[in-house]
Amino acid sequence: MKIVVLDGYTLNPGDLSWEGLSALGDLTVYDRTPYDQVVKRLEGADIALTNKTIIDRAVLEQSPNLKFISVLATGYDIVDVKAARERGIPVSNVPTYGTLSVAQMVFAHLLNLTQHVAEHAQGVAQGRWLASPDWCYWDYPLIELAGLTMGIIGFGRIGRTTAKIAKAFEMRVIAYDAYIRDSGDPDIEMVNLDRIFRESDVISLHCPLTPETYNLVNAERLRMMKPTAFLINTSRGAVVNNADLADALNRGLIAGAGLDVLEVEPPAADNPLLTAKNCYITPHISWATRSARARLMQATVENVAAFIAGKPQNVVN
Ligand code: NAD
């Protein structure tokens, strides 16, 4: 079996091993593959592994030997799964590997907004404390989470895990999900979107990007939020209208944002969020703890092994 990894670098920049996959066949790993080289690199391949490299109908038509695709991620919108199905090619994904890591990132962003640890530490390193007339000082309002309301949009795996952590901070949790009516927890009320935007002190987004959730957070909804509220987005960038959010931050309609995802990644230099007030952006790294990537690697090895054994698993098409 010839196995080709089109873009392995972000999964394994060198701290994990490809051995599990190489034990299953003749493995070639490319760090990245530009779209115009995908067909050439898949020549003769039986199995293709991709993270963000597009495998569309045109690529499939020119890759007659291809028998299986495994996506090195949960989201599989980069593969034309319908065209693959028409050609009898199963496409598998890794449904869950990073739930705890993503939920942890929600609080990394939230705690940054409430206590600004890195900025205070930087100030101390620059001599601010030495020069302080008082025995302590702070440069930002310091905010306790206990008693604040966390509004979760998308009450799936990551949303529920985020709720659990929020409750440990003694936050009140409310949630909205297009498909879930009962949270299963008497302390967590399922509410409509309007209530999420009006009542929350912190809104955390955990729905997938779909036509329904595209730009779900827009100017109109941002205007409903409390001026003291924070928005955290670790889901997909386009769930938020980036220009509307930048405007809301700059006008003080909300107090701050912690974002791990943007509408276009990497962003264009003119994305207004890059310079917006109280906006902290990380480069789509919620998924990328070593533990989560190791689980992703292991699950991919299992996907490929299952296909070779004639029983493909985690098939999405
Ligand atoms: P999940 O499928 O377990 O949960 C998603 C929830 O969203 C489901 O309960 C679903 O009913 C709900 N939903 C669907 N459409 C909705 C709508 N229109 N309005 C409100 N809710 C809706 O997924 P998950 O594992 O919790 O992941 C959530 C999202 O997090 C993923 O879709 C992905 O985009 C994102 N993610 C980001 C990273 C990262 O590195 N930043 C990593 C993993 C996942």
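Please refer to the structure higher up on the page.
Residues numbered from 1 in each chain as written. Predicted model: local features only at pLDDT ≥ 70, side-chain atom pairs only at ≥ 80, totals over all residues. Heavy atoms only, no water.

A.B. asks: Got a minute to help me understand the sheet that holds strand 1 (residues 2-5) in this structure?
C.D. replies: Sheets are built from strands paired through backbone hydrogen bonds, the pairs being either parallel or antiparallel. With parallel pairing, the five strands of this open sheet are ordered in space as 2-1-3-4-5. Each of the sheet's edge strands pairs with one partner strand only, and the pair in question is strand 2 (26-29) and strand 5 (91-92). Pairing analysis gives four bridges linking strand 3 (residues 47-50) to strand 4 (residues 68-71), with the strands arranged parallel. Bridge assignment links Ala48 to a residue of strand 4, and that residue is Ile69. (Pairing = 2+ DSSP bridges. Helix = DSSP H or I, 4+ residues; strand = E, 2+ residues; numbered from the N terminus.)

A.B. asks: Please clarify how the site of the ligand should be interpreted in this entry.
C.D. replies: Around the ligand there are 24 residues in total, and Arg157, Ile158, Asp177, Thr234 and Trp287 lie nearest to it. Contact between the ligand and Asp177: an oxygen atom at 2.6 Å from a side-chain N or O atom of the residue. Surface burial for the ligand is 84%, taken as the share of its 860 Å² of free accessible area covered by protein chains. (Near = heavy atom within 4 Å. Polar contact = N/O pair within 3.5 Å; in protein donor to acceptor, adjacent residues only side chain to side chain. Areas by Shrake-Rupley, 256 points an atom, 1.4 Å probe, with all protein chains shown as cover.)

A.B. asks: Any chance you could explain the packing of aromatic side chains here in plain terms?
C.D. replies: The description of an aromatic ring pair rests on the distance of the ring centres and on the angle between the ring planes. Within the structure shown, the criterion is met by two aromatic pairs. Between Phe68 and Phe307, the aromatic rings sit 4.5 Å apart at their centres with planes inclined by 5°, giving stacked as the arrangement. Highlighted residues: Phe68 in strand 4 and Phe307 in helix 11 (residues 290-308), separated in sequence by 239 residues. This pair shows no difference in class: Phe68 is buried, exactly as Phe307 is. Pairing Phe107 with Phe169 gives two aromatic rings, centres 5.5 Å apart and planes at 15°, and the pair type is stacked. Here Phe107 is found in helix 5 (residues 99-115), whereas its partner Phe169 is found in the loop between helix 7 (157-168) and strand 7 (172-176), with 62 residues between them in sequence. Just above the ring of Tyr9 sits the side chain of Arg32; from NZ or CZ to the centre is 4.8 Å. Across the ring face of Tyr30, the terminal group of Arg41 is positioned such that the distance to the ring centre comes to 4.0 Å. (Phe/Tyr/Trp six-rings, centres within 6.5 Å; stacked < 30°, edge-to-face > 60°. Buried < 20%, exposed > 50% of the residue type's maximum accessible area, 1.4 Å probe, protein only. Lys NZ or Arg CZ within 6 Å of the ring centre and 35° of its normal.)

A.B. asks: Got a minute to help me understand the nonpolar core in this structure?
C.D. replies: Ile153, Phe197, Leu231, Leu245 and Leu273 are the most contacted members of the largest nonpolar core, which totals 29 residues. Only helix 8 (193-199), strand 9 (202-205), helix 9 (219-224), helix 10 (242-250) and strand 11 (256-259) provide two or more residues apiece to this core. When residues of this core are assigned to their parent elements, the largest contribution, four residues, is made by helix 10. Not counting residues within four places of it along the chain, the set of residues in contact with Leu273 comprises Asn242, Leu245, Ala246, Leu249, Leu259, Leu262, Cys279 and Ile281. (Core = buried A, V, L, I, M, F, W, Y, C linked by side-chain atoms within 4.5 Å. Contact = heavy atoms within 4.5 Å.)

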